Each structure stands twice: as structure tokens, then as C-alpha cells.
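Examination of the molecular architecture
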Amino acid sequence: MKRRDFLKNLSLSAATLAVIPTMSFAADEKPKGSNALAYKDALAAITGGKTPEPSEKVSLKVPEIAENGAVVPVTVEIDYPMTDSDYVKAIHIFAAKNGNSRCIDAHLSPANGKAMLSTRVKLGETQEVIALAELSNGNFLIASQSVKVTIGGCG
Amino acid sequence: MSNSKTLIKIKPNTYKNGDVVKVSFMVMHPMETGLRKDKKTGEVIPADYIKSAKFEYNGKVFTTMNIWETLSVNPVITTYMTIDGAGSLKVTFTDSKGTVEESSEEIKPKG
Amino acid sequence: MRKVLQIALSVLVASSLAYGSEQFSMSDADRALYEELLDNNPADMMLASGSEHLDALGGTASLAKYLEQSKDSLASYLAGFPRYIDKYKSVVSIDQMLQAFMHDSGKKPYALKSSDMFDISSYVKSIANEQPINIDINANEHMKKAYALGKEVFNTRRGGRGLSCYNCHNPGVVGRILRTQPLPDISAKGNASAATWPAYRMTKSNLATLQKRFQGCMENALLAVIPLGSKEMTALEVYFTHEAKGAPIAIPGLKR
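The paragraphs below set out a description of the structure included in this document. (Residues numbered from 1 in each chain as written. Chains lettered and ligands numbered in written order. Predicted model: local features only at pLDDT ≥ 70, side-chain atom pairs only at ≥ 80, totals over all residues. Heavy atoms only, no water.)

Bringing the nonpolar core into the picture now. Core analysis: the biggest nonpolar cluster contains 130 residues, and Val88 of chain A, Met81 of chain B together with Met97 and Leu98 of chain C have the highest contact counts within it. Of all hydrophobic cores here, the second largest spans 8 residues; its members include Ala42, Leu132, Phe140 and Ile142 of chain A. (Core = buried A, V, L, I, M, F, W, Y, C linked by side-chain atoms within 4.5 Å. Buried < 20%, exposed > 50% of the residue type's maximum accessible area, 1.4 Å probe, protein only.)

Here is the structure:
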């Protein structure tokens, strides 16, 4: 039968395929680029050494287990007013073990109406993701959560 | 004008003055870290990422961002904004090579 | 004999897979986070390009006319691909139909593997969003044959490890873990593959069609890669699409 032959030929040529392509970007990407900055230095650069207060007002939503390290959803919402006199000035997101620990800084204003920032980050390995809120009164609130990164799958 | 493919989405898609709505900005961009090697040639692919964005509504800047190569390829960024009259929302972004591009969306409050 | 071997092999594969609950199984809260990503699927930008490509060919109106459909019947007609089209004398997927459409409109057709083709064919399939898949494998002899061939390709063990698609994609192994990933349920119920591809692949940062996804599995399971648009590939799409019959189309999907 012709069809069978076609498939058989395919299976023959398959034997010459040597290795399974790797899919992990984590493996060949241990970041140490020109933007490399460790988390504690990145944090200090923003807080000027002031200690941020761990706070339930900072809701950080990240997956406990990321199904891939290339696209990890991160949503930060601050339960805080957004009035002209009292508001969240900025939200920062860090990935503690990425070579460059900084992901994004969003400088907000009362016109945002609500202090929220949502995006997707690359995580090279299992690590803490940190959300820092900078308030108009000069204080900082912080929250963190660990994300386990898995790799693998098929295709 | 924008050479990159971009998309701005407002949610919900009908809103009125005073509403606080979600605004999402998406752009097709490789977000190269400068650390990846081309699998075929073995050469390092140069860094190429969006490094900042500015959100402007009817001429008033309400949010600015510093962005790093650690955001996912084809980045998506969402925040909120307060609807305050018809006009346009403009997102200006700059990449690590210094290219500045702009993308905008019409704001049409119902009432 | 062949059947016995197949069962034995599927047991073998299954025994080397861990159960979903043992390692890396995702919580409902995590799954909800990933589902939220669909609201802002980067593939929306690619479909927007696809829509522009279609506009350059006269838009949905001229596509409907080309397919001898009305404005209202187009969506449900598109929900029936792959289908046998008499003027081509073959069973075709949406991308091949679009190649013919471009050709017949005096334009140079996009290559099947080009990103322009992925963009436009995904956009065109999305015109059928919310329509239930209505492929009819009994419509004629050609469809019957395509389905039978697709099923054969799906079940045939080949390649370096003597694996078939069935070995990893059968009801008995759904949810088990292979290289940290749960084996997906490719047939109807909720997330049917044929209803959710083309999809944005987060690990590849691009838009891929169902046939392109098949190729991914072929590569990784050491089965020689069957070309896009070949008779076998289209047949495999017919098989998968029939498995998802009735599922509402939701394009673009978003996948790991």
C-alpha cells in the first residue's frame, strides 16, 4: 500500500534525527548582561536604604507553579487611596534571581484611579517575585512570593 | 507613527466619564536580553528591548514606566486610568536602540 | 498482533509517566491566572495583521463570495474545515483554501509556513468564533477517506522510539506528566485542540496552527516531520477536528 510506504519512509528518516531539541530558555540563559543588578542593590537604589514594610495592602498575584519560565503572569494591586494628597507613586516588580532583578517600574499618578500593574515576566529559574509600592508620603510597602518554574513538555 | 505592531485595549469597552477602566498596552517586540545565542550560528543575539513607555491622555502624562529585558517577548502591560472626556490615549515607547514609537487609541465615553 | 503490541506499548509509556498529582500539578488558582492571560493574548496583534491581509483581498465580503456563501453563512461554513471542495478536487484546510483564493484573486499566495499565512488563516478561522465545529466526515467519500487516513497517521507507530500520537494522546494517559507537563486532553470537552488552535505559544512567543503544533510533537517524539499541507497532515487535522466536533471555536488560543 502506497500510504503505508509513505509513513514507513518517514519513520526511517526519523532515525537520523539525533537529539531532542531543548526547549528551556533557562538552560542557555543565565543572565549576566550589561543591565545585571542584584535584587538588594536594585531595591536600595529605589528606597535609598529605607526599610519597606511588608504589607497585606500589597496583593501580589503570581502562579505558585509557572508552567513555563518565558511567560509568567504577575499582577500587583495596592489597596490604597489614589487622591491628589495621598496616593501610590510607583509600583516596582523584581525577580530576585534573574541576573537583572528589575522587571518594571510604573510611576503612577492620581489619574490612574486605582493602583494596579499587571504584566508577564521571564523567570530563569525558581525564585521569589517581589512587588514594591512607593507611597506619596515617602513610605514603602512590600510583598513577595516564590514561583516554581517548570520546563519540559513536548514540541 | 508606530512601525511595530501594537494594540491598546480598554476594559470594559463601554464606559462613561469618571469610570476607572483597565488599559492594556501590547506590542510585538523580541525583548532580546543580549544573552541568548543564535542556535544555528552560535553568535550572541544583541540586546533589543523596550526600555520605557509613557501613557498620555488628552495631553496629560499620567503614567511612565521603566521596562527591562526581563519582561516576556511581545510584552503586555496593564494598569488603570480614569475616564475624563473624549479624546485620545497615546502610548509612546522607546527601545534600547533609541527608537521612539507611538500608538494611540480613541477614548469615547458614553455620557 | 499489531493491536496487542500497541496496547503493550501504551502501557509502557504510561508506566513511565507520573500521575498529575505527584509533581508540578497546577492549582485551580494558578490555572485561573493563566486563563486571565487570554484577555490580552499577544496573538490578538497577529490576528489584526491577518485581518489587514484579508482586507487587501477584499475582506470578508469577497471571501464569502469566493466560497459561495452569504455574509451570514460564512462563519458556520468556516467552522466546517477541513472540507472537500469540488473546484480543488481535494480536502483542504483553511490555509490551503486561502492559497487558492489568493491565486484566483491574481495575488501571489503566501507560503503555508509563512507568518503572513499563519496570521491570515488564524484570522479567517476566528471569523467562526463561538460556532460549534461542524466538520462532516461523512459528507462524501473524500472526507471519509481523509478521516480514515488521519486516524491511521495518528495510530501508526514510527520513528526512533516506535511511538504513535495515540501513545501519548489517549484517554488512559490524559493528565499524566511527561517531562513536567501534563498530557493534554485533545478531544472535545472544554479545551478541545481543534477549537483552540491556532494559538499563541508562550514558550515560542509566536502564533502556531494546529498542523504546526503537530510538527512540534513529531520532532520531540522523534517521528519524522510530515510537511504542512500534505495529504497526511490535512488528514490528521480532519481527525483532530472530528474529535472536537461540537466544541465552540475560540481563536486565538493561548498555550504553553
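Text resumes after the structure shown.
The subject of this paragraph is the interface of chain B and chain C. Across the contact, 13 residues belong to chain B and 12 residues belong to chain C. Contact between chain B and chain C buries roughly 1,000 Å² in total, counting both sides, with carbon and sulfur atoms accounting for 57%. Three residues, Lys5, Met26 and Asn74 of chain B, lead the burial of chain B against chain C; their summed loss comes to 44% of the area buried on that side. On the surface where chain B and chain C come into contact, there are 3 salt bridges. The partner of Lys5 of chain B in a salt bridge is Glu52 of chain C, and the shortest N-O contact between them spans 3.0 Å. Counting every contact that joins chain B to chain C gives 6 residue pairs in polar contact (both at pLDDT 80 or more). Those elements that provide at least two residues to the side of chain B that touches chain C are β1 (6-11), β2 (20-27) and β5 (76-82) of chain B. Top contributing element to the side of chain B that touches chain C by residue count: β1 of chain B, with 4 residues. (Contact = heavy atoms within 4.5 Å. Buried area = accessible area lost by both parts, 1.4 Å probe. Salt bridge = Lys/Arg side-chain N within 4 Å of Asp/Glu carboxyl O. Polar contact = N/O pair within 3.5 Å; in protein donor to acceptor, adjacent residues only side chain to side chain. Helix = DSSP H or I, 4+ residues; strand = E, 2+ residues; numbered from the N terminus.)

Take the pattern of salt bridges next. The final tally for this structure, using the stated rule, is 12 salt bridges over all chains. The salt bridge involving Lys61 of chain A is made with Glu36 of chain C; its shortest N-O contact spans 3.6 Å. Linking Lys61 of chain A in strand β2 (residues 58-61) with Glu36 of chain C in helix α2 (residues 28-36), this pair reaches from one chain into another. Its relative accessible area of 38% is what places Lys61 of chain A among the partly exposed residues. Judged by its relative accessible area of 39%, Glu36 of chain C is partly exposed. Of the charged contacts, one joins Asp19 of chain B and Lys16 of chain B as a salt bridge, the two residues approaching to 3.3 Å between their closest N and O atoms. Taking the relative accessible area as the measure of exposure, Asp19 of chain B reaches 22% and is therefore partly exposed. Its relative accessible area of 45% is what places Lys16 of chain B among the partly exposed residues.

All names here are of chain C. Orientation of helix α3 (residues 43-55) relative to helix α7 (residues 115-126), taken along the N-to-C sense of each, is 90 degrees, at an axis distance of 7 Å. Taken as axis vectors, α3 and α7 run roughly perpendicular relative to one another. Counted together, Met46, Leu47, Ser49, Gly50, Ser51, His53 and Leu54 of α3 and Asp116, Asp119, Ile120, Ser122, Tyr123, Val124 and Ser126 of α7 form the full contact between these two elements. Considering only residue class, the contact of α3 with α7 consists of 6 nonpolar, 6 polar and 2 charged. (Axes fitted to C-alpha atoms, helices over the stretch in contact; angles between N-to-C directions. Parallel < 35°, antiparallel > 145°, perpendicular 65-115°, else oblique. Nonpolar A, V, L, I, M, F, W, Y, C, P; charged D, E, K, R; others polar.)

So, on to the side chain of Gln127 of chain A. Residue and element names in this part refer to chain A. Along the chain, the position of Gln127 falls in strand β8 (residues 127-135). On the accessibility criterion, Gln127 (4% relative accessible area) is buried. A polar contact is formed between the side chain of Gln127 and the backbone nitrogen of Ala96, at a distance of 3.2 Å. Among all residues touching Gln127, those that are not within four sequence positions of it are Ala95, Ala96, Lys97, Asn98, Gln145, Ser146 and Val147.

Right, let's get into the pairing of strand β7 (residues 100-107) of chain B. Residues and elements named next belong to chain B. Of the pairings in the sheet, the one linking strand β6 (residues 87-95) to β7 comprises 8 bridges and is antiparallel in character. The residue of β7 that forms the bridge with Thr94 is Val100. Linkage of β6 to β7, two consecutive antiparallel strands, is achieved through a turn of 4 residues, within which Gly98 is found at a positive phi near 95 degrees. (Pairing = 2+ DSSP bridges.)

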